[in-house]
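Architecture at a glance
One-letter residues, chain by chain:
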Amino acid sequence: MIFTEEQLRKYAKPLSETEENQCKNAIRMVVDALKTIGFNERTSIQKMYSETPSFEVMMKSNDDYEVKIFLQGSYANNTNVRQHSDVDIAVVQIDQFRPKYRVGVSKTNYGFISAISKSKTFKDIVQSALENKFGDDVERKNKSIKIHGNSYRKDADSVPALRYRDYSYDYRFDPENYIGGILIKADDGTEVINYPEQHIKNGIDKNKRTNLYFKKMVRIAEEMRYQMQDEGYEFAQKASSFGIECLLYNVPDEIFTKYDFYKYIFDDIVEFLYDNKHNINNFIEVNGIKKLCYDSADREKVYKGFIDELKGFYSYEI
C-alpha cells in the first residue's frame, strides 16, 4: 500500500490532552475502588516521568497491604494508536516481594524473613474492590481483571501483581539495590515476570536520543499493524503492540535521525528489520533485560513473519 508523507505524520501524532486525562481517570477508577475496602492514598496521582502519561500513585490498607498503582503499556509509553488501545494498569503489591539472588546468597544475607500467607490472594482482593465499585462491568481474566468501559470511560485492564526484586548484580547486600519487576500469577498457575517501569524509562531515553522520532515511528508501525489486520495478514493478527515497539527499539538510533521525511525514515526502519530478521533471537525488549523471543519459537516465527508482511505492505508516495 502506498502512503503519503501527510498520512504518516498523522499516524505519528501523540496522545491528545483529552486522552491523557482519560489515562489519569483510569488510575483514579482503581484508586476509588480500593478505597471501598480500606485502602488510602499515600501520595497523589502524578507522573513517573514528565515525558509520558506514566501516572502512578501509592496506597496502603488498614491491614498493612502496600500497593503501587501505575499505568503501563502503550498509553504509559505514549505509543498508542488513537481509539484502538485499552488502558493497562498495574496494581502491584509491594509490602511483600519475590526475590532473586546470586548463587550462594539467600534471604539471610539481607535480613529478610518469609512472608506470612494470607487467606485471600491479592488478585481476589483487587477483584472484590473493583466489583464493589463497578459491579457487573468487571470481568476476571487469566492474568488481569477487565473493567468494561462505557460512554464516559475507556476499557481498562488492571493487572494485580507482586513486586519482583532481582539482586543478581548486588554485591553490597543492600536491600534497595535491585532491579525491580512485577510478578504476575495467572489463574492457570503460570507466572510471568515483566519490567514495565524499565520499559517506560528506556523508551523515553531512546526517544530523546533519536530527537523524538522513536515513538513517532512506533505509532506509525502500530497503525500499519492495525491496517494489516484489517486486510487479513496472518502474522499482523498475532503480533502485539508490545512486540512492535520492541522490534523498533532494536533499530539503531542513527536510522531514526538520518532524514527529515517520515517516509524515508520508516522505509529505512523496515529495511533494517528485514535485513536483520535472522538475528531476531538477539533482539531485546524495551526494558533492556529480557530478549523478545528468548523463550518461544512461536514468537520468533510471528515476528519474522510480521517483518516479511510489513516489507510487502509498506511503500511510500514518490
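The preceding data block contains the structure.
All of these numbers come straight from a predicted model, not from anything done at the bench.

Examining unusual backbone geometry
If you check the backbone angles, Asp64 has positive phi at about 75° while not being a glycine. Looking at the secondary structure, you find Asp64 in the loop between β4 (55–61) and β5 (66–72). Positive phi, normally seen in glycine, also occurs at Phe173, with a value near 55°. Topologically, Phe173 is positioned in the loop between β9 (156–166) and β10 (179–185). Given a relative accessible area of 36%, Phe173 falls into the partly exposed group.

As for the packing of aromatic side chains
For the coordinates displayed, the defined rule picks out 23 aromatic pairs. Relative to Tyr314, the ring of Phe3 has its centre 6.0 Å away and its plane inclined at 20°; by these criteria the two rings are stacked. Here Phe3 is found in strand β1 (residues 2–3), whereas its partner Tyr314 is found in the loop between α12 (297–313) and β12 (315–316), with 311 residues between them in sequence. The residues Phe3 and Tyr314 share a single accessibility class, namely buried. Taking 5.7 Å as the distance between ring centres and 80° as the angle between the ring planes, the aromatic pair formed by Tyr110 and Phe173 counts as edge-to-face. With Tyr110 in helix α4 (residues 107–110) and Phe173 in the loop between β9 and β10, this residue pair connects regions lying 63 residues apart in the sequence. In this structure an aromatic cluster arises from ring pairing among Phe3, Tyr11, Tyr233, Tyr259, Phe261, Tyr264, Phe266, Phe313, Tyr314 and Tyr316. We note Lys263 situated over the ring of Phe261; from NZ or CZ to the ring centre the distance is 5.8 Å. We note Lys311 situated over the ring of Tyr274; from NZ or CZ to the ring centre the distance is 5.3 Å.

Digging into the environment of Asn207
Note that Asn207 resides in helix α6 (residues 196–209). Note: C-alpha distance between Asn207 and Glu309 (102 residues apart in sequence) is 26 Å. When sequence neighbours within four positions are dropped, the list of residues in contact with Asn207 reads Leu212, Tyr213, Phe214 and Lys215. At 3.4 Å, the side chain of Asn207 forms a polar contact with the backbone nitrogen of Phe214.

Some points on the pattern of salt bridges
If you walk through the whole model with that rule in mind, you get 28 salt bridges. The residue Arg140 makes a salt bridge to Asp124 at a minimum N-O spacing of 2.8 Å. On the criterion of sequence distance, the pair formed by Arg140 in strand β7 (residues 138–140) and Asp124 in helix α5 (residues 122–134) is long-range, its members being 16 residues apart. Overall, the relative accessible area of 27% leaves Asp124 in the partly exposed class. Across the salt bridge formed by Arg153 and Asp137, the nearest N and O atoms sit 2.8 Å from each other. With Arg153 in the loop between β8 (145–147) and β9 and Asp137 in the loop between α5 and β7, this pair connects stretches of sequence that are 16 residues apart. The class for Arg153 is buried, based on a relative accessible area of 13%.

Rules behind the numbers
Residues numbered from 1 in each chain as written. Predicted model: local features only at pLDDT ≥ 70, side-chain atom pairs only at ≥ 80, totals over all residues. Heavy atoms only, no water. Helix = DSSP H or I, 4+ residues; strand = E, 2+ residues; numbered from the N terminus. Buried < 20%, exposed > 50% of the residue type's maximum accessible area, 1.4 Å probe, protein only. Phe/Tyr/Trp six-rings, centres within 6.5 Å; stacked < 30°, edge-to-face > 60°. Lys NZ or Arg CZ within 6 Å of the ring centre and 35° of its normal. Contact = heavy atoms within 4.5 Å. Polar contact = N/O pair within 3.5 Å; in protein donor to acceptor, adjacent residues only side chain to side chain. Salt bridge = Lys/Arg side-chain N within 4 Å of Asp/Glu carboxyl O.

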